[in-house]
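# Structural description and commentary
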Amino acid sequence: MSQFIQVILSGLATGSIYALAAVGFTLVWQAARTVNFAQGEFVMLPAFFVLAAMKFLHVPFSLALVLGLAFSIIALGYLFKQLIVQPLLYQQQSLNLIIATMALSLLLKESVKTFYSGQAEPFPSLFPDTSSNFFGAAVSLQDILIVISALAVVYLLTLFLDKTRTGRAMQAAAQNPNVAEILGVDVKRMTLYTFLINAALAAFASFLITPIYLAKFSSGEALGLAAFIAAIIGGFNSIRGAVAGGILLGLLDNITATYITASYRTALPLVLLIAVILLRPEGLFGKAEGRKV
Amino acid sequence: MNFFSWKCLGWVLLLAVLIIAPIGRGGYIISVLSLWLVYSIAAMGLNLTLGYAGQISLAQASFMAIGAYVSALLSMAGWPWLTTVPFSLLAAFVVGILLGYPALRVQGHYLAFVTLAFNTLVFLVLRNEDWLTGGIYGLSGMPRPNFSLFGFTLFDATQNLHFYYFILLLTVISALALWGIVRSPWGRAFKALRENPIRAESLGLDTRRITLLAFAIGSAYGGLSGAIMSPLVQFIDPASFTFAQSLRILLMVVVGGIGSFFGPFLGAAMAIILPEFMRFTDKYYLIIYALAVIIVLIFSPKGLWGMVENAGARIATWRKARATS
Amino acid sequence: MSSPVLSVKNISKSFGGIRAVRDVSLAVQPGEILGLIGPNGSGKSTLFNCILGQLQPDSGEVQFQGKPMSGLRPSALSRMGIGRTFQQLSVFPQLSVLENVILAGQEHKGSMLSRLLGKPDVGLTAEADQMIDFFRLTHLRNNPAGAMSYGQQKLLDAAMAFMSEPKLVLLDEPAGGVNPTMLGQLRDRLATFNREHQTTFVVIEHNMEFVMSLCHRVIVLAEGEIIAQGTPEEVRANQTVINAYLGG
């Protein structure tokens, strides 16, 4: 029983991190019809920014975190949008943008491997790594804090989107850019904000997950896949769905790995992904996008 | 001479170069060229799926895997290599149909994920079911094809150069077959699918069926590519057929020029041959390559072949201007 | 009275609280050119889409030559003998005019296999050229379709719809955006084709002049219901129709 609680808890923890990545992914899709195949690398990279700041700039961890966050927002938010998304967004070949993000994921992964390290590097945790006693089970405080902080960030985000003028403008720009433009919304800027927010979410996810799984150039692949699966299961169009998808995925992954099978651990989410796409493409929480021809 | 006969001349010259190039070179160069041809076949197939039918498939490496493992298992059971090829083709084609039938009903970006998931699942099965596939250790020692007639050995495929010519022959045959398909009414249907699928549907073109066909044929080419790779490198393992490999093949098609006939060869050359000439870049090569892909996509959406075409068009207009002035 | 080519029975369609089409029935006789007109919001586009199967009507049914039409893919409808033209984006821009027309006919000739192994033009070049000549596009035969003017593309659109020798063609705003000189040619070609081949047309159109000069019979929709039908002269003089357009 105590193991079960721990499995559930760590499943919730990784799940809420997946949720962060999935929410950012969904936002970018909604706002700019961009499927960011490099989302996993966006979650892998910020931790390396922090490590590099500590190593080369010799700043303490807390300052490095701030620098890492800022740099992520600039590079993975602003530069990503300006240099890659913008030129390719309205080209006749709409596949080119997706493919460019695929190339970007390769670029980022290899860059880290070549310019920083091919090894797995340790990363300091944001939270104290203590465990406490909960009904006789050893429960990790870190996991609890991860869940709380991740969900808090998502909650703040939804507050921002629903209750502030900018947030509502962003939603309007995403849903119907033409009408929003007419109503005086600066659609281009709202889209930029979306990318900046995605970068911030990815960075935060990075800071939460890297202490657990270590910083490695190759972790983007699994993280990205998790983000996609979570977003799709939850319904590409829904933030709530992305959160639910992420948590569901984290739980399922942990439960499967512990109780069912280790070697086919990744298979279950993949099968789930295929099943959802084929049977209910709008996801568990999304709205149907309409039949294809 | 109009552009068409320039093209023919180009093909003939290219063929000549490909025949002469490896003579006198070391085994390493020959194996690089052989590998390039193998990947060109896989890229050719993906080009049909992506370039003509407009579908993103991230599973081409898994079809290579299917072709490779089927061929390897059968040849290690004693079957002559040539007889394993139809089975590799068939297996890849059938799996392509089975995967495509449900998967092609969803929009482009969803298909990318479905094929990605499929590729990873295939990888998992190959890795875990070691009773069949040898697991992470893979299969090795697949025999090269043996061509003897009435006791006389036609050629000795264990010699790398001879095997290279054999692969070249197979590549030419597959390219011709693809050219035949593209030139036929099917090819016209594929192009219609790419340009205006709604109009095509309203004219009686069953877009679902034709998309499925393009996908399955593309997958079959992947299978063929795998079946050739098996005796070429004489060692196959799951790591050669990961999603990263599928991505690599996709990028080859894109860089070369989506939907152009020559594109896959150019793209594969850039991924496989060019690194050999740029040894000094060594570990930076993938970074440069990925960057090049992004730049090509932004500035020359029709890829390297598009650049060649543009240059050709500009030369043609320049010559016209000169002739009239 | 021979049996109708197309019969629409009691079609209704609502979107939320708005009843776009209310219990509309009509029958299209073989060989006639039927116009479907009405002010904005009259439901003619909704009705059109229900007929074509793009929208699922809430009730009622549509039959083509007595056979039910609902739930069929557009390609199946085409093979049944129903063609259509589109308001926009209706040609294959990078293919030549000739290729466009051959494509329009190829899916109706032979089987999939014969289309792979047989001749590249499916034996349709002569027929295609005839069609291209009929629409006076001969001089553009080898040009990419996307390079033509808008009006010329509309002519090509019609050529493609006719290529498979359909029994019924639904034309979606064929005159939209076409300049007056081209309009005359378009109308003339459509009328001639109908006369020579006895193909049935159903035309949705905003351009009154075009409809009145082309159609044999006109049905007027307003607010989802049929308010008048008859010859163009009868409809033009009909007070209810005039009110519907002016009343707003």
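Conventions adopted
Once a new chain begins, its residue numbering starts again from 1 and follows that chain's sequence as written. The order in which chains are written sets their letters, starting at A; the order in which ligands are written sets their numbers, starting at 1. Note on the predicted model: pLDDT of at least 70 is required for a residue's local features to be given, and 80 or more for side-chain atom pairs to be given and counted; whole-chain, interface and lining totals, by contrast, use all residues. Segments assigned H or I by DSSP are reported as helices when at least four residues long, segments assigned E as strands when at least two residues long, and all are numbered from the N terminus. As defined in this context, the radius of gyration uses C-alpha atoms, and a globule is described by 2.2 Å times the residue total to the power 0.38. Working definition of burial: number of other C-beta atoms within 10 Å of the residue's own, with buried at 20 or more, exposed at 12 or fewer, and partly exposed in between, all C-beta atoms being placed from the backbone. This entry defines residue contacts through backbone-placed C-beta atoms, with two residues in contact when those atoms are within 7 Å. All amino acids are sorted into three groups, where Ala, Val, Leu, Ile, Met, Phe, Trp, Tyr, Cys and Pro are nonpolar, Asp, Glu, Lys and Arg are charged, and the leftover types, Gly among them, are polar. Think of a nonpolar core as buried Ala, Val, Leu, Ile, Met, Phe, Trp, Tyr and Cys residues chained together by C-beta atoms that fall within 7 Å. By this definition, two strands are paired if DSSP reports at least two bridges between them. As a per-residue quantity, pLDDT reports the predictor's confidence and falls between 0 and 100.

Bringing the overall build of chain B into the picture now. For chain B, the count of helices and strands is 15 helices and four strands. Rg of the C-alpha trace for chain B: 20 Å, near the compact-globule value of 20 Å for 325 residues, within the 12% margin. On the principal axes, the C-alpha backbone points of chain B span a range of 70 × 50 × 45 Å. Within the span of chain B, comprising 325 residues, buried residues form 51% of the whole. At a minimum sequence separation of 6, the contacts of chain B that also span at least 24 residues come to 76%.

Turning our attention to the arrangement of the chains. Among two pairs of chains with at least one contact, chains A and B form the most extensive contact set. These two, chain A and chain C, are apart from each other, with no contact and a minimum C-alpha gap of 8 Å.

Opposite the 25 residues of chain C that make contact, chain B presents 18 residues. Listed by contribution, the elements that provide at least two residues to the side of chain C that touches chain B are helix 2 (74-80), helix 3 (97-106) and helix 4 (112-117) of chain C. Classifying every residue of the side of chain C that touches chain B gives 12 nonpolar, seven polar and six charged.

Moving on: the nonpolar core. Grouped together as the largest cluster of nonpolar side chains are 273 residues, with contacts concentrated most on Ile 17, Ala 19, Ala 21, Ala 103 and Ala 230 of chain A together with Val 101 and Ala 159 of chain C. When residues of this core are assigned to their parent elements, the largest contribution, 16 residues, is made by helix 1 (residues 2-32) of chain A. Among residues more than four places away in sequence, those in contact with Ala 21 of chain A are Gln 39, Val 43, Ala 202, Ala 205, Leu 223, Ala 226 and Ala 227 of chain A.

The four strands are arranged 2-1-4-5 (chain C) in an open sheet whose pairing can be described as antiparallel. The sheet is open, and its two borders are formed by strand 2 (18-28) and strand 5 (67-68) of chain C, each paired with just one other strand.

Bringing the confidence of the model for chain C into the picture now. All names here are of chain C. Within chain C, residue pLDDT values average 87, and 98% of them lie at 70 or more. Here helix 10 (residues 239-247) stands out as the least confident element of chain C, with mean pLDDT 77; strand 8 (residues 200-204) is the most confident, with 93. Both scores are available for the predicted complex, with the pTM at 0.86 and the ipTM at 0.87.

On to the interface of chain A and chain B. Counting from both sides, the interface comprises 33 residues of chain A and, opposite them, 36 residues of chain B. Mapped by element, the contributors of at least two residues to the side of chain A that touches chain B are helix 3 (61-89), helix 4 (95-115), helix 9 (219-234) and helix 11 (267-279) of chain A. Ranked by the residues each element gives to the side of chain A that touches chain B, the list is headed by helix 4 of chain A, at 13 residues. Residues that form the side of chain A that touches chain B fall into these classes: 24 nonpolar, seven polar and two charged.

Alignment of strand 1 (residues 6-15) of chain C against strand 2 of chain C, held across seven bridges, turns out to be antiparallel. Looking across to strand 2 of chain C, one finds that Ile 11 of chain C is bridged to Val 24 of chain C.

Another aspect to go through is the pairing of strand 3 (residues 33-37) of chain C. Residue and element names in this part refer to chain C. With five of five residues buried, strand 3 lies mostly within the body of the structure. Side chains Ile 33, Gly 35 and Ile 37 project from strand 3 onto one buried face, and the interleaved Leu 34 and Leu 36 project onto a second face that is buried too. Taken together, the four bridges between strand 3 and strand 8 define a ladder with parallel strand orientation. Looking at strand 8, one finds that Ile 33 is bridged to Phe 201. Bridge count between strand 3 and strand 9 (residues 217-222): four bridges; the pairing is parallel. Counted as the bridge partner of Gly 35 is Val 218 from strand 9.

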